[in-house]
Amino acid sequence: MGYHMSLSIRLTINGQPRDVALDDPRVTLLDLLRERLHLTGTKKGCDRGQCGACTVLVDGRRINSCLALAASMDGAQITTIEGLADGETLHPVQATFIAHDGFQCGYCTPGQIMSAVGLINEGRAGDDPERIRELMSGNICRCGAYQGITEAVLEAQKILSDDEKRDAA
Ligand code: FES
Ligand code: FES
């Protein structure tokens, strides 16, 4: 009898519940998203935790999806770049990346944006560009668009916190 293991998980991706049967228990979250679910906005750069191109949010926290096993995601809420915009309306982080030229070739951009959303959720970035650079240092940009990225994060953070204040008022 050959060894066979099939594992079923249920997860929520961009607000939609999904049941997924995993034939290979070693498949990464990144490969599950890109190859099985065709959510190719999340990029594969290094596939070993060193570039941040594959960043997604799991239960609101940013992770490198190339290092996460899909099998460990049972019950998780996943947000990818495809889930950020609200219909035609861009998420503030997407809008500020455009406004501040936060990208050139765009390859790192989905990961940068997801990392920025996670960072803003963490609420510890403050308004110091150096600190933002440091807290985003897991996201490599080979085009060197760092200045625009940092400006975009700062402005998005301000927009989001103003929104929060307005909602609380
Ligand atoms: S592809 Fe995951 S960190 Fe590079
Ligand atoms: S925009 Fe090209 S790698 Fe960042």
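Every chain is numbered on its own, with residues counted from 1 as its sequence reads. Chain letters and ligand numbers both follow the written order, the letters beginning at A and the numbers at 1. Local features in this predicted model are restricted to residues whose pLDDT is 70 or higher, and side-chain atom pairs enter the listing and the counts only when it is 80 or higher, whereas totals over whole chains, interfaces and linings include all residues.

1. Remarks on helix α2 (residues 92-99)
Let me state the cut-off plainly: Buried, partly exposed and exposed are defined by the number of other C-beta atoms within 10 Å of a residue's own C-beta, namely 20 or more, between the two limits, and 12 or fewer respectively, with C-beta atoms placed from the backbone. Strands here are runs of E lasting at least two residues and helices are runs of H or I lasting at least four, both read from the DSSP assignment and numbered beginning at the N terminus. We call two residues in contact whenever the C-beta atoms placed from their backbones are within 7 Å.
Where α2 is concerned, the buried positions are P92, V93, Q94, T96 and F97. Where the residues of α2 are buried, they touch α3 (109-122) and α5 (146-168). The first or second residue beyond α2 is D101, which carries a positive phi of 50°.

2. Examining the pairing of strand β2 (residues 16-22)
Quick reminder of the rule: Pairs of strands are assigned from DSSP output, requiring at least two bridges between the strands.
Here β2 lies mainly on the outside; zero of its seven residues are buried. As judged from the seven bridges shared by strand β1 (residues 7-13) and β2, these two strands associate in the antiparallel manner. The residue bridging S8 from the neighbouring strand is A21, located in β2. In textbook terms, the turn of a hairpin is the stretch between consecutive antiparallel strands, and for β1 and β2 this stretch comprises two residues, one of which, N14, has a positive phi near 50°.

3. Looking at the packing of α2 against α5
Where we set the bar: Interaxial angles span 0 to 180 degrees and are taken between N-to-C directions of axes, which are lines fitted to C-alpha atoms, for helices over the stretch in contact. Here the word oblique covers every angle except those under 35 degrees (roughly parallel), over 145 (roughly antiparallel) and from 65 to 115 (roughly perpendicular). When the near helix sits turned anticlockwise from the far one by under a right angle, the crossing is termed left-handed; a clockwise turn instead gives a right-handed crossing. Residues are grouped as follows: nonpolar covers Ala, Val, Leu, Ile, Met, Phe, Trp, Tyr, Cys and Pro; charged covers Asp, Glu, Lys and Arg; every other residue, Gly included, is treated as polar.
For the pair α2 and α5, interaxial distance at closest approach is 8 Å and the crossing angle is 140°. Comparing their axes, α5 and α2 come out oblique. Note that α2 runs across α5; the crossing there is right-handed. Along its contact with α2, which presents P92, V93, T96 and F97, the element α5 presents A152, E155, A156, I159 and L160. The class makeup of the residues in the contact of α2 with α5 is seven nonpolar, one polar and one charged.

4. A word on the environment of I140
Its place among the elements puts I140 in the loop between α4 (129-135) and α5. The class of I140 is partly exposed, set by 17 C-beta atoms lying within 10 Å. Here the alpha-carbon distance between I140 and C108, two residues 32 residues apart in the chain, equals 7.1 Å. Once residues within four sequence positions are removed from consideration, I140 is found in contact with C51, G52 and C108.

5. Overview of the domain arrangement of the chain
As a reminder, the rule being used: Delimitation of the domains relies on an automatic or database domain assignment.
On domain assignment, one finds that the chain holds domain 1 (7-83) and domain 2 (92-164). Distance from the C-alpha centre of domain 1 to the C-alpha centre of domain 2: 21 Å. Taken together, the contact pairs 14 residues of domain 1 with 13 residues of domain 2. When residues of the side of domain 1 that touches domain 2 are traced back to their parent elements, those giving at least two are β3 (55-58) and β4 (61-64). If you tally residues by element for the side of domain 1 that touches domain 2, the top one is β3, at three residues. For the side of domain 1 that touches domain 2, the per-class residue count stands at six nonpolar, five polar and three charged.

6. Focus: the sheet that holds β1
Read across the sheet, five strands follow the order β2-β1-β5-β3-β4 without closing on themselves; strand pairing throughout is mixed. Looking along the sheet, the strands with just one partner apiece sit at the ends: β2 and β4. On average, adjacent strands in this sheet sit at an angle of 40° to one another, irrespective of strand direction. Taken strand by strand, α3 contacts β3 and β4, and its axis lies near 35° from that of β3.

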